[in-house]
Amino acid sequence: MQRVQTESSANKVEIVFNYRGLLDIASYQANPAAYLDEQLDKLKEAGVNTMAMFESTLDELSKTRRIMVFGAAEAARLTRTVVSPDSNYTYVVFTSPENEEILRPMILETFEKQGVSVAPWKYEDHEGLVLHMGVEEAVLKQLPLDPFAYEMLREKGFNILPRLSDNVPYDQELVDQQLAFYAETGVKRILFDGEAVKGFQENAEKNSLKSFAELLKKHGIGLAAIENLKAPQKGLNQLAYLTDYNVVRLHSLADTEASQDKAVLADRFALATKDRNIRMIYLNASPSKDATKAAITNPINNLVDSLKGPEGAIARMQQNGFEIGQAEAFKIHDASWQKYLKAIVVLGGVAFIALLISYFIAPLTLLAFVLGLIGSAGLYVLQPSLLEKVLALFVAISAPTIATILAIRKVKDIREAHPSLTAGRRLTHAVVLYVKTAVISLAAVPFVIALLNNITYSLVLDQFRGVSLLHLAPILLVAVYVFLYQGSSVWQELRNWMRMPITLVWVVAAGVLAVVAYYYMSRTGNAGTLLPGEAQFRSFLENTFGVRPRNKEFLLAHPLFLAGVFAAFRYRWAIYAMIVAVMGQLSMVDTFAHIHTPAVLSLIRGLLGLGLGLLVGLIAILIWHIIERCWDKWSPRLLKP
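A brief report on the enclosed structure follows. These figures come from a predicted structure and were not determined experimentally.

Focus on the overall build of the chain
Each helix and strand counted, the chain has 28 helices and 14 strands in total. The principal-axis extent of the C-alpha atoms belonging to the chain is close to 110 × 60 × 50 Å. Of all 641 residues assigned to the chain, the portion counted as buried reaches 48%. Considering only contacts in the chain between residues 6 or more positions apart, those separated by 24 or more positions represent 78%. As displayed, the chain has an accessible area near 31500 Å², and 61% of this comes from carbon and sulfur atoms. Taken as two groups, the 62 positive and 59 negative side-chain charges of the chain have centres that lie 15 Å from each other.

Here it is as C-alpha cells:
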C-alpha cells in the first residue's frame, strides 16, 4: 500500500531540450540568431518546458557571436606580426561593449582560479584578453552558464536545468552563490555532466559531497538521475542519500536516435513515464550532413512532431494521468512500523525457501529453516541490503518452482486415481490447476515488494540482482523434479538416465536446446534482440490494452501449461511440457522484481498475461483434442500390420 502511495505521489513530467545541441544546429544557418529564436518558439509550442544548459566554454560563447577566439598563429596574422616561438597563447575578443562588461569578469575569474595568467589585449577598437594557455586547452575549460542565454531562455518562459561538472576545484562559497542564483530564478533540479557529481573528486579531503548536499537542501534544489548509463555517475548515490532522495529519473534520447519515426519516439516517451517512473524526458539533437540533399539537416521538426498531436507523446502521457510541468520527487511513504513487519517477512521468506528444499530433500527442511534464520541474522548485522536482495531473489525462485511442482504432483495424483477422465473433466481440472498455480507463484510478490520497498530501487540507485538466475533456476529445478522424482526412487531414475545410450538424435537435440537456452537468456536483459515484427506487435499490444503483457507468458508458457496439463492427464510423457511452462510462472514474479515499474501496472500486466494465456491455451487444448480424436480413430488402421 505504501509503495503504491509513493509511486502515485508525483505525476508531473518535464520535457527538456539540450540547448547546446540547438546552438550547434543554429551555427550552421545563414542567420543563426533568427533561426535560434524561431526554433525556441517552436519547441515551446510543442510542449518543451525546460532547456538544459551546460557550463559554457569559450567555444560555445564564440558560436553565439559574443566573443571571437584566436590561436597564436591567427592572432599574428590579424595583427600582421610574426608568431613568437616562445608563446602559444589564446586571444579573446569581445564583440560588443555589453558582452565585454558581462563576460570579462567571468573569464578572468575562471582562468585565474586555475593558475592561468590573463592580460588585456586589443584588436583594432575591440577590447579583449590574452590567456597564457594554448587555444586547444583553453576552449575546454568550463565557465559559468552563459548569462545572456540564461536570461533569454527565461524570458521565453523556459525553465532551466543546469548541467554541472566536477572539472574544477570545489569552492563552497562559489557553489553557494551559484545555487542561490539558480533558486532565485526558478531552478528546481540540476543534472550532472560527466562521470562524477560535483565535489566527488575532492570528497576525501574536503567532505565536499556533504557540504554540497547541505547547499542543495538549503536552496531547495534536487537532482536528476539518467537511466541506463553504462556506469552510474560517481557519488550520485551518496549525494542522493544526503539530499533525502530528492531525485527524479531522467530518460535521455541520444542525438543519433532523434531521427527515428515520430510514432516510435512517441511510444518510447509515453512508455518511459508510465512503465519506468521516468519524470524527465531529455531530448538531444545535432546537425548532420545529408549528401543526397546536399544540405545540413537536423531532427528538430521530427522531435516536435513526436510530441504534438493526438497521437503525440504529450497527449498520450496526459491520457495516462500525467501533466506537463517541473518534475517533482516522489513523496516517500515509509512508516516506522515497516521495520518491525519486515522481520515477519524475513521469517516467511526463509520458510518459503525451506519449503522448496523440502520437495527435493525432505529431511533437510528444518535444518534449512534454522540455518536460513541464522544466516539472515548475520547478514542483517553485516549488510542489511544484501539480506533483502538475496532473500527476495530466492523467494522469487522458490514460489514459481513450488507452484509448478505442486501442479505436477496434482496431475500425477489425478491421472492415477482417474485414468480415464473425459475431455470435459480434463479441461476443468486444467483450468482450475492453472489458476491455483498462478496464485501460488504470485505469493512471492508480497515478499519481493516488502523486502525491496526502498526508494533507492524505484530510482534505480540500487537494483534487484540475479535476474538471470531467476530466469534459469526454476526451469532447472523443475527439470530435475520431472526427470528424477517421477519414479519409485530418485537414485533408480538417475541410474536409468545414466545408462541410456547417447544417439545422434540426442546430440542434435542437445545442440538445439543449447541455442534456444542461449537466446532465452539473452532476452532476460535490456539488450536482447527482438524478432522481426516483434516491435510492431509490442506496440499493437500496448495501444490495444494500455499495458503490454509479456509475449512469452501468453503466447508460449501459459498456453503450454494448459495444453500440457490437459494432455498429461492421459499421457504421462506430456508432463515434460512443465519444464518450459514454468517460464510463465517465473516471468510473472520477475515483472514485480522491476521495482522501477509501478506495482499496479505490474499487477495488470500479470493478470492480462494470465487472461490472454487462458484464451490461447483453450485454443491449444482444442487443437490437441482434435489431434487426439483423429489419432484414436485412425491409429488402429495406421498401426495395423
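Quick notes on unusual backbone geometry
The phi torsion at R80 lies on the positive side, around 55°, for a residue other than glycine. If you trace the backbone, R80 turns up in the loop between helix 5 (72-78) and strand 4 (90-94). Residue R80 is classed as exposed on the basis of its relative accessible area of 80%. Within the chain, N228 stands out as a residue other than glycine whose phi angle is a positive 60°. Among the structural elements, N228 can be located in the loop between strand 9 (222-226) and helix 12 (236-242).

Here's the deal with the packing of aromatic side chains
A complete count under the given rule lists 19 aromatic pairs for this structure. Here the aromatic rings of Y150 and Y182 are separated by 6.4 Å at their centres, their planes lie at 20°, and the arrangement is stacked. Note that Y150 is positioned in helix 8 (residues 147-155) and Y182 in helix 9 (residues 172-184), a separation of 32 residues in sequence. For the pair shown, Y150 and Y182 are each scored as buried. Taken together, the aromatic side chains of Y91, W121 and Y123 make up a single cluster linked through ring pairs. Positioned over the ring face of F566 is R426, at 4.0 Å from the centre of the ring.

Describing the pattern of salt bridges
Pairs can form between side chains of opposite charge whenever their charged atoms are close. One pass over the structure, following the stated rule, counts 29 salt bridges. Here K342 makes a salt bridge to E388, at a shortest N to O gap of 3.4 Å. Placement of K342 in helix 16 (residues 338-358) and of E388 in helix 18 (residues 384-417) is noted, with a sequence separation of 46 residues between them. Judged by relative accessible area, E388 falls into the buried class, the value being 16%. Among the salt bridges present, the one from D632 reaches R570, with a minimum N-O distance of 2.8 Å. Pair noted here: D632 is in helix 28 (residues 599-638) and R570 is in the loop between helix 26 (551-568) and helix 27 (578-593), with a separation of 62 residues, a long-range link. One network of salt bridges, with partners in common, ties together R426, R570, E628 and D632.

What about the nonpolar core?
Core analysis: the largest hydrophobic core is formed by 67 residues, its most contacted members being F17 and L283. Setting aside chain neighbours within four positions, we find L283 in contact with I15, V16, F17, N18, V48, L253, F269, L303 and L307. Judged by nonpolar contacts, the second largest core, of 63 residues, contains A392, F447, V482 and F566.

Reading guide: rules and limits
Residues numbered from 1 in each chain as written. Predicted model: local features only at pLDDT ≥ 70, side-chain atom pairs only at ≥ 80, totals over all residues. Heavy atoms only, no water. Helix = DSSP H or I, 4+ residues; strand = E, 2+ residues; numbered from the N terminus. Buried < 20%, exposed > 50% of the residue type's maximum accessible area, 1.4 Å probe, protein only. Contact = heavy atoms within 4.5 Å. Areas by Shrake-Rupley, 256 points an atom, 1.4 Å probe, with all protein chains shown as cover. Lys, Arg positive; Asp, Glu negative; His and termini not counted. Charge placed at Lys NZ, Arg CZ, Asp CG, Glu CD. Phe/Tyr/Trp six-rings, centres within 6.5 Å; stacked < 30°, edge-to-face > 60°. Lys NZ or Arg CZ within 6 Å of the ring centre and 35° of its normal. Salt bridge = Lys/Arg side-chain N within 4 Å of Asp/Glu carboxyl O. Core = buried A, V, L, I, M, F, W, Y, C linked by side-chain atoms within 4.5 Å.

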